[in-house]
Amino acid sequence: EFRVPSSEFRVPSSEFRVPSSLVAANPTLLYASRIRSNPMSGPFHDTARFYDTVYGHLDYGAHAKAVDAAIRANRLDARSLLDVACGTGRHLQVFRGRYDVVAGVDIDPALIEIARTRNPDVDIHQADMTGFDLGQRFDAVTCLFSSIGYVRTEERLHAAIAAMARHLNFGGVLAVEPWFTPERWEEGKVVLHTVDEPDLKIARVSRSLPSDEGVSR
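Residues numbered from 1 in each chain as written. Predicted model: local features only at pLDDT ≥ 70, side-chain atom pairs only at ≥ 80, totals over all residues. Heavy atoms only, no water.

1. Topic: unusual backbone geometry
Notably, Ser146 is not glycine yet its phi reads approximately 65°, a positive angle. Relative to the helices and strands, Ser146 resides in the loop between β5 (138–143) and α6 (154–165). Overall, Ser146 belongs to the buried group, its relative accessible area being 15%. (Helix = DSSP H or I, 4+ residues; strand = E, 2+ residues; numbered from the N terminus. Buried < 20%, exposed > 50% of the residue type's maximum accessible area, 1.4 Å probe, protein only.)

In structure tokens, the structure reads:
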């Protein structure tokens with residue numbers, strides 16, 4: 001959580017720094033993706049049409065409600081929300097029923113197309129989370145389901161947090177869901193997710209690799 005202390009608060013990306021103690025305590029926060037993709041498309045560009053199917057087991061509704069409760073515990077009167085790295089817009093689908101104004105940001109045009117179809121009345125922008133500027137502020141800014149991990153480096157982590165903070169109103173709440181915390185990280189773990197439908201078969205395998213200078217992969 002990051003609270004904005006004044007209505008005139010500005011956080012230049014070059015000056016705002018995530019405390020080193022936070023990085024040291026969460027070495028796996030800096031996720032280094034092994035997927036090499038277009039810088040303005042993202043790792044799911046070629047598989048966007050399967051995204052919701054692969055992650056269909058996740059309860060976006062319950063998760064969004066829990067995030068909303070956490071936001072209102074710090075700012076009860078929150079009326080506007082920006083979801084950064086909004087993906088296919090499933091969190092936005094819940095948030096738009098709880099806030100007067102909601103908006104989304106994502107880097108991937110294929111995911112954005114799905115999100116806009118799901119949320120036709122929501123402004124969803126294409127931008128990199130490390131340097132976006134919408135010219136608008138919100139009572140709450142969220143970055144959920146470990147999306148912050150895709151920044152890949154500590155420098156880009158600082159820039160992303162600064163960019164999000166710049167979009168907060170006075171007294172606003174920034175909720176960033178981290179990557180795996182050290183106590184949950186299992187080096188070498190292999191995870192298999194499958195989809196078995198009549199016309200679609202998917203097997204998604206992920207493996208946690210040894211950390212390299214505090215960066216998990």
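2. Points about the confidence of the model for the chain
Any region with low pLDDT has predicted coordinates that should not be read closely. Per-residue confidence for the chain averages 80 on the pLDDT scale, and 75% of its residues sit at or above 70. This stretch, residues 1–38, has a pLDDT under 50; its non-local contacts, to residues over four places away or in other chains, come to 89 contacts. (pLDDT = per-residue confidence, 0-100. Contact = heavy atoms within 4.5 Å.)

3. Some details on a nonpolar patch on the surface
A cluster of nonpolar side chains, contributed by Val190, Leu192 and Val205, occupies part of the molecular surface with about 300 Å² of accessible area. Along the chain, Val190 turns up in strand β7 (residues 190–197). (Patch = residues over 30% accessible without salt bridge, like charges linked within 9 Å, V, L, I, M, F, W, Y side chains within 5 Å. Areas by Shrake-Rupley, 256 points an atom, 1.4 Å probe, with all protein chains shown as cover. Salt bridge = Lys/Arg side-chain N within 4 Å of Asp/Glu carboxyl O.)

4. Focus on the environment of Trp185
Within the secondary structure layout, Trp185 lies in the loop between β6 (168–176) and β7. Relative accessible area serves as the criterion here: at 17%, Trp185 is assigned to the buried category. Sequence separation of Trp185 and Ser208 is 23 residues, and the distance between their C-alpha atoms is 8.2 Å.

5. Structural notes on the nonpolar core
Of all hydrophobic cores here, the largest spans 20 residues; its most connected members are Leu82, Val84, Met129, Phe132, Ile148 and Met164. Those elements giving two or more residues to this core turn out to be β2 (80–84), β3 (101–106), β5, α6 and β6. Among the elements that line this core, the one with the most residues is α6, at five residues. The residues contacting Met164, other than those within four sequence positions of it, are Val84, Met129, Phe132, Val141, Cys143, Ile148, Leu174 and Val176. (Core = buried A, V, L, I, M, F, W, Y, C linked by side-chain atoms within 4.5 Å.)

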